[in-house]
Amino acid sequence: MASRLFRGPLRDALMGRLRAVPVGGGSRQSSSAAAEPGAAAASKPPLPSKKAVDWSYDRDGYCWRGLRNGWLFRATKYVNPFFALLDPEFAHRLAILAASRGWVPREKRPDPPILGVKVWGRKFTNPIGLAAGFDKNAEAVEGLLGLGFGFVEVGSVTPMPQEGNPKPRIFRLPQERAIINRCGFNSEGIVTVTRRLGAQHGKRKMEETSSTSSSNDEAKQGGKAGPGILGVNIGKNKTSEDSTADYVQGVHTLSQFADYLVINVSSPNTPGLRKLQGRKQLQDLVKKVQAARDEMQWAEDGPPPLLVKIAPDLSKQDLEDIAAVARNLRLDGLIIANTTISRPDPISSHPLAGEAGGLSGKPLFDLSTNVLKVMYVLTQGKIPLIGCGGISSGEDAYKKIRAGATLVQLYTAFAYEGPALIPQMKAELAECLERDGFKSVQEAVGADFR
Ligand SMILES: Cc1cc2nc3c(=O)[nH]c(=O)nc-3n(C[C@H](O)[C@H](O)[C@H](O)COP(=O)(O)O)c2cc1C
């Protein structure tokens, strides 16, 4: 009830009052901003005329002069300190609850056109996504997409429900802007997640088809169910003896709702999982999963692209093997990377360094970016890569793109900084691209190697 009121008349009244207030410092403006309204700009309320579109940037994120909801994102900054006082897993539950109920800001400003990217025949309005593990059970897809992410990846989902490792299993290292987790694929299982995705899919489709643009371009704007693009990340059960069967089951049930699928073989918290990254094992697995996906009936859109998510702790030989499998089997993409079992500086001397689990956040940035670079070279830039690990600013996202990523994802920085980070990152990334003379994200992909 309260949420409906907040989403409806109360919010409109509040926003209406603020509409006349000038937004942002206006440190920089782009003249080409009116080219193409992004998907986040829902049909209601009507967008200003092209002439009135005027991008400006400020330290709190991009602003569209006269537009209404930037303040809501900024307001979330005041809630973060409260979350930081709570147990990490409880705080996370609250965040999911808030996003699932719509108690989060909804981005109505279109993305800066320079951020648009076309991959797998789809148009992403911006390349910044939410990484797997945040919404493991697809409880809050709409709310999270509404924050302005270019895409959201749910999962990892396991075939059978499982509890994961005993708590506590998530540890904050706030000074280092890092997390150590050993969740161990806590998942409600494919039956529940499929049911949930099915219900949301229909709803999103009905609500959002009106806002998908009808371009003549061969790339489709947004995902299957509307402008928001949804990735589904599949895992295996801890006690399963047939990993391949687990992934195939995931594909059979979940792929109908996925704009892309991810085989996660890199979580450090499921015994034996990362062995699936070995050349022979990965080749067998990918072949069988591709076959499972392709034997299903697909509409004209075709089957969802299949990606593999890899660890940042692999040797050069491991990476060469993975690149060979990716090329030979025409894998659609790789996500680089999952959490690390290493403890790079300054974590090595941290009192929590000895906690078992995967490390994420800032200290993972260099390691994962180096792996990304190696993989970009090994795959000769021919396979789309999603850069993930330690991204906490638009500049970081830009570095990953220059290192070879077509899209990027984050988790830990979002957990620390909250929704306000997203518009801020988009503004910074747009600024970086413009500063260096790129006209699009695509132009900057792999720029470090040219
Ligand atoms: C608490 C937590 C749970 C995660 N769970 C998953 C998961 O279920 N599946 C997965 O592929 N990655 C999972 N990840 C890894 C993230 O998707 C991401 O690859 C990693 O955290 C690095 O990105 P970051 O530094 O931006 O957090 C998890 C990360 C954290 C912190």
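Only a predicted model underlies this, so the values are computations on that prediction, with no experimental measurement involved.

Re the site of the ligand
In step 1: Near the ligand lie 23 residues; those nearest to it are Ala132, Ser156, Lys309, Gly390 and Thr412.
In step 2: For the ligand, an oxygen atom lies 2.7 Å from a polar atom in the backbone of Ala132.
In step 3: Taking Thr412, its side chain carries an N or O atom lying 2.6 Å from an oxygen atom of the ligand.
In step 4: Elements with a minimum of two residues in the shell around the ligand: β6 (151-157) and β14 (358-361).
In step 5: Across the shell around the ligand, the residue classes tally to eight nonpolar, 13 polar and two charged.

A short note on the environment of Tyr416
In step 1: Turning to its location among the elements, Tyr416 is positioned in helix α13 (residues 412-417).
In step 2: In this structure, the C-alpha to C-alpha distance between Tyr416 and Ser392, residues 24 residues apart in sequence, is 9.5 Å.
In step 3: If we ignore the near neighbours within four places in the chain, the residues touching Tyr416 are Asn80, Arg172, Leu173, Pro174, Arg177, Ala178 and Ile179.
In step 4: Separated by 3.2 Å, the side chain of Tyr416 and the backbone nitrogen of Leu173 make a polar contact.
In step 5: From its side chain, Tyr416 meets the backbone oxygen of Ala178 in a polar contact 2.6 Å long.

Brief notes about unusual backbone geometry
In step 1: Looking along the chain, the bond that leaves Gly155 and enters Ser156 is cis, with omega of 10°.
In step 2: Along the chain, Ser156 turns up in strand β6.
In step 3: The linkage connecting Asp345 with the following residue, Pro346, adopts the cis geometry, with an omega of 0°.
In step 4: Structurally, Pro346 can be placed in the loop between β13 (333-336) and β14.
In step 5: We note that Ala138 has phi near 55°; this positive angle belongs to a residue other than glycine.
In step 6: Relative to the elements of secondary structure, Ala138 occurs in the loop between β5 (128-130) and α6 (141-146).

Parameters and conventions
Residues numbered from 1 in each chain as written. Predicted model: local features only at pLDDT ≥ 70, side-chain atom pairs only at ≥ 80, totals over all residues. Heavy atoms only, no water. Near = heavy atom within 4 Å. Polar contact = N/O pair within 3.5 Å; in protein donor to acceptor, adjacent residues only side chain to side chain. Helix = DSSP H or I, 4+ residues; strand = E, 2+ residues; numbered from the N terminus. Nonpolar A, V, L, I, M, F, W, Y, C, P; charged D, E, K, R; others polar. Contact = heavy atoms within 4.5 Å.

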